Amino acid sequence: MKITFLGHASLLIEAEKSSILVDPFISGNEKASGKINLQDLNPDYILVTHAHQDHVLDVETIAKSSGAVIVSNYEIAMYYEALGLKAHPMNHGGNWKFDFGNLKYVNAIHTSSFPDGTYGGQPGGFVISTEGKHIYIAGDTALTMDMKLIPNTTILDLAILPIGDNFTMGVDDAVIASDFVACDTILGYHYDTFGYIEIDHDLAINKFSTAGKTLHLLEIGASITI
Ligand code: NI
Ligand code: MN
């Protein structure tokens with residue numbers, strides 16, 4: 001599967017049978033809006049980890065233009081269904097077999113409310129299994145012992161972890177998180193978009209490297225294939 005970084009915490013995952021967009025925040029991200037055209041995104045699914053503006057800003061626009069199914073927790077799914085969009089509700093610990101493979105909604109430690117104040121349920125992350133590969137998208141989260149549950153059932157090929165600190169884990173906790181989920185290949189996200197979350201890239205890469213791990217930091221629009 002091919003994973004393209006769309007800036008901040010936005011990802012496009014292209015599997016054999018489906019195109020999966022995660023947490024689209026592009027039109028409001030000046031670092032991404034010149035490089036990524038919303039009109040070019042035509043996903044089958046939009047996964048939403050939680051309801052904060054920097055994760056949902058472009059969900060409605062893209063869901064309307066593409067007809068994509070929005071997959072998130074119950075509260076977020078109901079919010080979008082009320083707008084006339086297609087949604088699939090999940091909740092923590094639940095699995096569902098989609099046409100691309102298995103999806104599990106897993107725990108995250110964070111908060112979750114829509115920009116208009118509507119309750120966005122409890123935030124989460126996703127474990128996606130497709131084409132024999134398994135990836136963990138942590139969402140916005142602190143380091144949490146719950147991460148240790150993931151390798152009990154899933155051997156990950158890639159862990160996508162927030163590393164920007166202040167609102168989520170920083171680099172040091174993300175190194176520990178990668179131990180908790182038993183994965184040595186990490187894609188960092190949720191950094192540099194705002195002043196609060198600017199990081200030193202070389203220092204971050206070195207910290208993972210010292211722990212025997214590889215941290216990928218992609219340019220906006222760049223991809224990795226696993
Ligand atoms: Ni958030
Ligand atoms: Mn966020």
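Here's a quick rundown of the structure.

Definitions and limits used
Residues numbered from 1 in each chain as written. Chains lettered and ligands numbered in written order. Predicted model: local features only at pLDDT ≥ 70, side-chain atom pairs only at ≥ 80, totals over all residues. Heavy atoms only, no water. Buried < 20%, exposed > 50% of the residue type's maximum accessible area, 1.4 Å probe, protein only. Helix = DSSP H or I, 4+ residues; strand = E, 2+ residues; numbered from the N terminus. Pairing = 2+ DSSP bridges. Salt bridge = Lys/Arg side-chain N within 4 Å of Asp/Glu carboxyl O. Donors = N, O, S within 2.8 Å, 3.2 Å for Na, K, Ca; no water. Tetrahedral: all angles 85-135°; square planar, octahedral: opposite > 155°, others 65-115°.

### Section: the pairing of strand 3 (residues 19-22)
Two faces, one strand: in a regular strand the side chains alternate between the faces of the sheet. Here strand 3 shows two buried faces, one formed by Ser19 and Leu21 and the other by Ile20 and Val22. Sheet analysis places strand 2 (residues 11-14) next to strand 3, joined by four bridges and oriented antiparallel. When the bridges of strand 3 are listed, leucine 11 appears paired with valine 22. If you look at the hairpin formed by strand 2 and strand 3, you'll find four residues sitting between the two strands. Of the strand pairs in this sheet, strand 3 and strand 4 (residues 45-47) are connected by three bridges, and their pairing is parallel. Across the sheet, leucine 21 pairs through a bridge with isoleucine 46, a residue of strand 4.

### Digging into the pattern of salt bridges
Scanning all chains against the criterion turns up four salt bridges. Across the salt bridge formed by aspartate 172 and lysine 207, the nearest N and O atoms sit 3.1 Å from each other. Taken together, the residues span a long stretch of sequence, with aspartate 172 in helix 6 (residues 171-180) and lysine 207 in helix 7 (residues 201-210) at a distance of 35 residues. Take aspartate 172: its relative accessible area is 46%, and that puts it in the partly exposed class. Between aspartate 179 and lysine 213 there is a salt bridge whose closest N-O contact spans 3.0 Å. Of this pair, aspartate 179 sits in helix 6 while lysine 213 is found in the loop between helix 7 and strand 13 (214-216), placing the two residues 34 residues apart along the sequence. Through salt bridges with shared partners, a single ionic network connects Asp179, Asp184 and Lys213.

### Digging into the environment of aspartate 40
Turning to its location among the elements, aspartate 40 is positioned in the loop between helix 1 (30-33) and strand 4. It is 26 Å that separates the C-alpha atoms of aspartate 40 and leucine 161, two residues lying 121 residues apart in sequence.

### Description of the coordination of the manganese ion (ligand 2)
Taken together, Asp54 (OD), His55 (NE2), Asp140 (OD) and His190 (NE2) make up the protein donors of the manganese ion (ligand 2), found 2.1 to 2.2 Å from the metal. In terms of primary sequence, the donors binding the manganese ion (ligand 2) are separated according to D-H-x84-D-x49-H. Separation of the manganese ion (ligand 2) from the nickel ion (ligand 1) amounts to 3.1 Å, with aspartate 140 serving as a shared donor to the pair. Placement of the pair is histidine 55 in helix 2 (residues 53-56) and histidine 190 in the loop between strand 12 (185-189) and helix 7, with a sequence separation of 135 residues. Histidine 55 gets classed as buried once you look at its relative accessible area, which sits at 0%.

### Considerations on the coordination of the nickel ion (ligand 1)
Listed as protein donors to the nickel ion (ligand 1) are His50 (NE2), His52 (ND1), His110 (NE2) and Asp140 (OD); their distances from the metal cover 2.2 to 2.3 Å. Note that the nickel ion (ligand 1) binds four donor atoms; their angles at the metal cover 89 to 176 degrees, and the shape is irregular. Of note, the donors binding the nickel ion (ligand 1) are all from one chain and are spaced H-x1-H-x57-H-x29-D.

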